[in-house]
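Each chain, letter by letter, is given below.
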Amino acid sequence: MTRIVTALADISQPYDAVFCDLWGCLHDGVEPFPAAVTALRQFRAGGGRVILLTNAPRPSRYVIEALDRMGVARDAWDAVISSGDATQDALFSGAVGRRIWHLGPDKDDGIFTEVPPQWADAAPIERVALDDADAILCTGPFDELTEKPDDYRARFLLAKTRGLPMLCANPDIVVDMGEKRIWCAGALAELYEQMGGKALYFGKPHPPIYDMAMRKLSELGGAGEGRVLAIGDGIGTDVAGAAGEGMDVLFITAGLSAAEFGPDPDQPDPALLDAWLAGQKQAPTYAAARLR
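We now turn to the structure provided with this report. Being a predicted model, the structure only gives us computed values, none of them experimental.

1. With respect to empty space enclosed by the protein
Here is step 1 of the chain: What the rule picks out here adds up to one cavity of 30 Å³ or more.
Here is step 2 of the chain: What the largest cavity holds in volume is close to 40 Å³.
Here is step 3 of the chain: Lining of the largest cavity is provided by Phe-19, Cys-20, Asp-21, Leu-53, Lys-204, Tyr-210, Ala-230, Ile-231 and Asp-238.
Here is step 4 of the chain: Residue assignment for the lining of the largest cavity shows that the elements contributing at least two residues are strand S2 (17-20) and strand S12 (228-232).
Here is step 5 of the chain: Looking at the lining of the largest cavity, its residues break down into six nonpolar, no polar and three charged.

Right, here's the structure in full:
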């Protein structure tokens, strides 16, 4: 059974490190959650290491800049690993060719321009029109505030007919930006697969981002066996990913699925939580309304 807790400090003693999600846990896309920042700072003050593990489809440098703009204290974390970082390894290695149609907003252009040092000598990636592409790199809709997956059916039919693989740089289906829920790259990749296309994923819950995070944790001093705790509000990403990696996980209930657990996001109904988790076929180690 999932144990409901009130604070990270109540369960942190057995863990050397946490892999913490961002959206829905540390911030809402607009403002940081002060209690969550404080919880991570306290964990680090006690000797723990914090890696922020995000499905943002951009190199981590841009994620860090966004955190700075929001006012998230730098002493709340040790490193940031993004789905964009993991996707770049596949992109610059030429896993799907070098002529790429980018489906996503301009703010994600850094995935092309911010070349990782290890790929500095790789052949350049050429951004081309869909008709000329070897593959699609999807970081989200072109206009995430107004568009939905169905808007791309015609283009996906053309891409599927041509046999183009899609690199999905963000497996999230939706995310909440303040009060607005927006579609993410994962929803577009899901539609592409439903239409018969092939999609490759690099963020949570898939192994590449965890492999990268574990390498970074090793550089920071490592962690004992079973002593990494994942934290997140995505049942299909954070929780499923942690389960796949054999990690304990703290599920944040007041995030994406808050409406499933009763009228008060700060007081999840245990019976509703247990029934919903059973339906999702997931059993997180712990659950808390919010990270604090």
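2. Quick word on the packing of helix H3 (residues 83-92) against helix H7 (residues 207-219)
Here is step 1 of the chain: Across the interface, H3 lies against H7 with an axial gap of 9 Å and an inter-helix angle of 105°. Here H3 is positioned roughly perpendicular relative to H7, judged by the angle of their axes. From H3, Ser-83, Asp-85, Ala-86 and Asp-89 reach across to H7, where they touch Pro-208, Ile-209, Met-212 and Arg-215.
Here is step 2 of the chain: Taken together, the residues that form the contact of H3 with H7 break down as four nonpolar, one polar and three charged.

3. Thoughts on the environment of Gln-42
Here is step 1 of the chain: Inspection of the secondary structure assignment puts Gln-42 in helix H1 (residues 34-45).
Here is step 2 of the chain: On the basis of relative accessible area, Gln-42 is assigned to the exposed category, the value being 51%.
Here is step 3 of the chain: Residues Gln-42 and Ala-76 lie 34 residues apart in sequence; the distance between their C-alpha atoms is 8.1 Å.

4. A closer look at the pattern of salt bridges
Here is step 1 of the chain: Evaluation of the coordinates by the stated rule reveals 18 salt bridges.
Here is step 2 of the chain: Between Arg-61 and Glu-65 there is a salt bridge; the shortest N-O distance is 2.5 Å. Here Arg-61 and its partner Glu-65 are both found in helix H2 (residues 60-70), four residues apart, which amounts to about one turn of the helix.
Here is step 3 of the chain: In the salt-bridge network here, residues are joined through shared partners; they are Asp-21, Lys-204 and Asp-238.

5. With respect to the pairing of strand S13 (residues 248-252)
Here is step 1 of the chain: Within S13, four of the five residues are buried, which leaves the element mostly enclosed by the surrounding structure.
Here is step 2 of the chain: Where S12 and S13 come together, four bridges link them in parallel fashion. By the bridge assignment for S13, Leu-229 is matched with Asp-248.
Here is step 3 of the chain: This β-α-β element, S12 to helix H8 (residues 235-244) to S13, shows right-handed connectivity.
Here is step 4 of the chain: Here three bridges tie S13 to strand S14 (residues 286-288), and the two strands are oriented parallel to one another. When the sheet's bridge partners are listed, Ile-252 is paired in S14 with Ala-288.
Here is step 5 of the chain: Handedness of the crossover joining S13 and S14 through helix H9 (residues 270-280) is recorded here as right-handed.

Criteria and cut-off values
Residues numbered from 1 in each chain as written. Predicted model: local features only at pLDDT ≥ 70, side-chain atom pairs only at ≥ 80, totals over all residues. Heavy atoms only, no water. 1 Å grid on protein atoms, 1.4 Å probe; cavity = no way out; pocket = protein on both sides within 12 Å on 5 of 7 lines; lining within 4 Å. Points joined across faces, edges and corners; volume = space filled by probe spheres on them. Helix = DSSP H or I, 4+ residues; strand = E, 2+ residues; numbered from the N terminus. Nonpolar A, V, L, I, M, F, W, Y, C, P; charged D, E, K, R; others polar. Axes fitted to C-alpha atoms, helices over the stretch in contact; angles between N-to-C directions. Parallel < 35°, antiparallel > 145°, perpendicular 65-115°, else oblique. Contact = heavy atoms within 4.5 Å. Buried < 20%, exposed > 50% of the residue type's maximum accessible area, 1.4 Å probe, protein only. Salt bridge = Lys/Arg side-chain N within 4 Å of Asp/Glu carboxyl O. Pairing = 2+ DSSP bridges. Right-handed = clockwise from strand over helix to strand, strands pointing away.

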